[in-house]
Amino acid sequence: DAGVTQSPTHLIKTRGQQVTLRCSPKSGHDTVSWYQQALGQGPQFIFQYYEEEERQRGNFPDRFSGHQFPNYSSELNVNALLLGDSALYLCASSFGQGASPQHFGDGTRLSIL
Amino acid sequence: AQSVAQPEDQVNVAEGNPLTVKCTYSVSGNPYLFWYVQYPNRGLQFLLKYITGDNLVKGSYGFEAEFNKSQTSFHLKKPSALVSDSALYFCAVRDMGGNTGFQKLVFGTGTRLLVSP
């Protein structure tokens with residue numbers, strides 16, 4: 001049973017470019033959340049998708065957008081990249097909105113030059 | 001807003017000794033608390049959660065956590081540390097985001113655990 005998978009593993013971009021990160025949730029999960037983890041920090045919530053709609057959003061600018069597909073997989077898009085966007089981007093999946101724990105992928109390491 | 005604090009950046013313990021990683025919380029309502037572990041270049045792995053019930057919660061890999069309502073704490077413990085337990089540990093609290101009905105996790109800043117042989 002595959003867990004949460006993310007691609008790519010690493011990515012290098014330059015300022016001003018755009019990037020798309022992908023996530024496949026754990027089998028049986030229908031909710032996907034995205035987090036940004038800067039070096040030496042705890043993960044910060046970006047947004048969450050359920051039934052293909054953004055349900056909750058953290059304190060991130062509109063340059064960060066996302067999508068969820070009918071098969072529950074999700075994409076995170078970041079436009080006009082800034083140096084400060086360099087971070088580990090984590091995808092987490094869960095089932096429903098109860099107290100079931102979120103399961104995390106290994107993340108995408110994004111470096112902005 | 002819900003929050004958690006991890007007062008120690010790093011905890012050092014010798015292998016075989018008991019370990020404690022501290023976490024305090026600030027919530028409105030009943031807290032839903034979690035512990036996750038992160039190994040280098042990996043995502044977060046779920047260790048255990050507290051929802052309600054017994055104040056001592058048992059989790060994966062021999063870890064347990066003690067919920068203390070009067071001290072608003074949720075410390076992670078293990079009776080006998082292993083070198084392989086060396087990693088970054090995060091405490092988190094569920095935030096229901098007002099009336100949205102959808103939850104997110106709010107994480108602490110993390111505590112690095114170093115277990116020496």
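Residues numbered from 1 in each chain as written. Chains lettered and ligands numbered in written order. Predicted model: local features only at pLDDT ≥ 70, side-chain atom pairs only at ≥ 80, totals over all residues. Heavy atoms only, no water.

A few words now on the overall build of chain A. Of regular secondary structure, chain A possesses zero helices and 11 strands. Each helix (α) and strand (β) of chain A, taken in turn from the N terminus, gives the series β-β-β-β-β-β-β-β-β-β-β. Over its C-alpha atoms chain A spans a radius of gyration of 13 Å, differing by no more than 12% from the 13 Å that the globule rule assigns to 113 residues. A principal-axis box enclosing the C-alpha atoms of chain A has dimensions of 40 × 25 × 25 Å. Within chain A, the proportion of its 113 residues that are buried is 51%. (Helix = DSSP H or I, 4+ residues; strand = E, 2+ residues; numbered from the N terminus. Rg over C-alpha atoms; globule rule 2.2 N^0.38 Å. Buried < 20%, exposed > 50% of the residue type's maximum accessible area, 1.4 Å probe, protein only.)

Right, let's get into the pairing of strand S10 (residues 87–95) of chain B. Residues and elements named next belong to chain B. With nine of nine residues buried, S10 is to be regarded as a mostly interior element. In this structure, strand S5 (residues 33–38) lies alongside S10, joined through six bridges in antiparallel fashion. Looking at the pairing, Phe34 lines up with Ala92 of S10. As defined by bridge partners, S10 adjoins strand S12 (residues 111–116) across three bridges and the pair is classed as antiparallel. Along S12, the bridge assignment pairs Tyr89 with Thr111. Across four bridges, S10 lies against strand S11 (residues 104–107) in antiparallel orientation. Across the sheet, the residue bridging to Asp95 is Lys104, located in S11. (Pairing = 2+ DSSP bridges.)

How big an interface is tends to be stated in terms of the accessible area lost upon association of its parts. Every contact between the two is made by 22 residues of chain A and, on the other side, 24 residues of chain B. Contact between chain A and chain B buries roughly 1900 Å² in total, counting both sides, with carbon and sulfur atoms accounting for 53%. Notably, a salt bridge pairs Asp106 of chain A with Arg42 of chain B, separated by 3.0 Å at the nearest N-O pair. Connecting chain A to chain B are six residue pairs in polar contact (both at pLDDT 80 or more). Sorting the residues of the side of chain A that touches chain B by element identifies strand S4 (31–37), strand S5 (44–50), strand S6 (53–57) and strand S9 (87–94) of chain A as the ones contributing at least two each. For the side of chain A that touches chain B, the leading source of residues is S5 of chain A, giving three residues. Split into classes, the residues belonging to the side of chain A that touches chain B amount to nine nonpolar, 11 polar and two charged. (Contact = heavy atoms within 4.5 Å. Buried area = accessible area lost by both parts, 1.4 Å probe. Salt bridge = Lys/Arg side-chain N within 4 Å of Asp/Glu carboxyl O. Polar contact = N/O pair within 3.5 Å; in protein donor to acceptor, adjacent residues only side chain to side chain. Nonpolar A, V, L, I, M, F, W, Y, C, P; charged D, E, K, R; others polar.)

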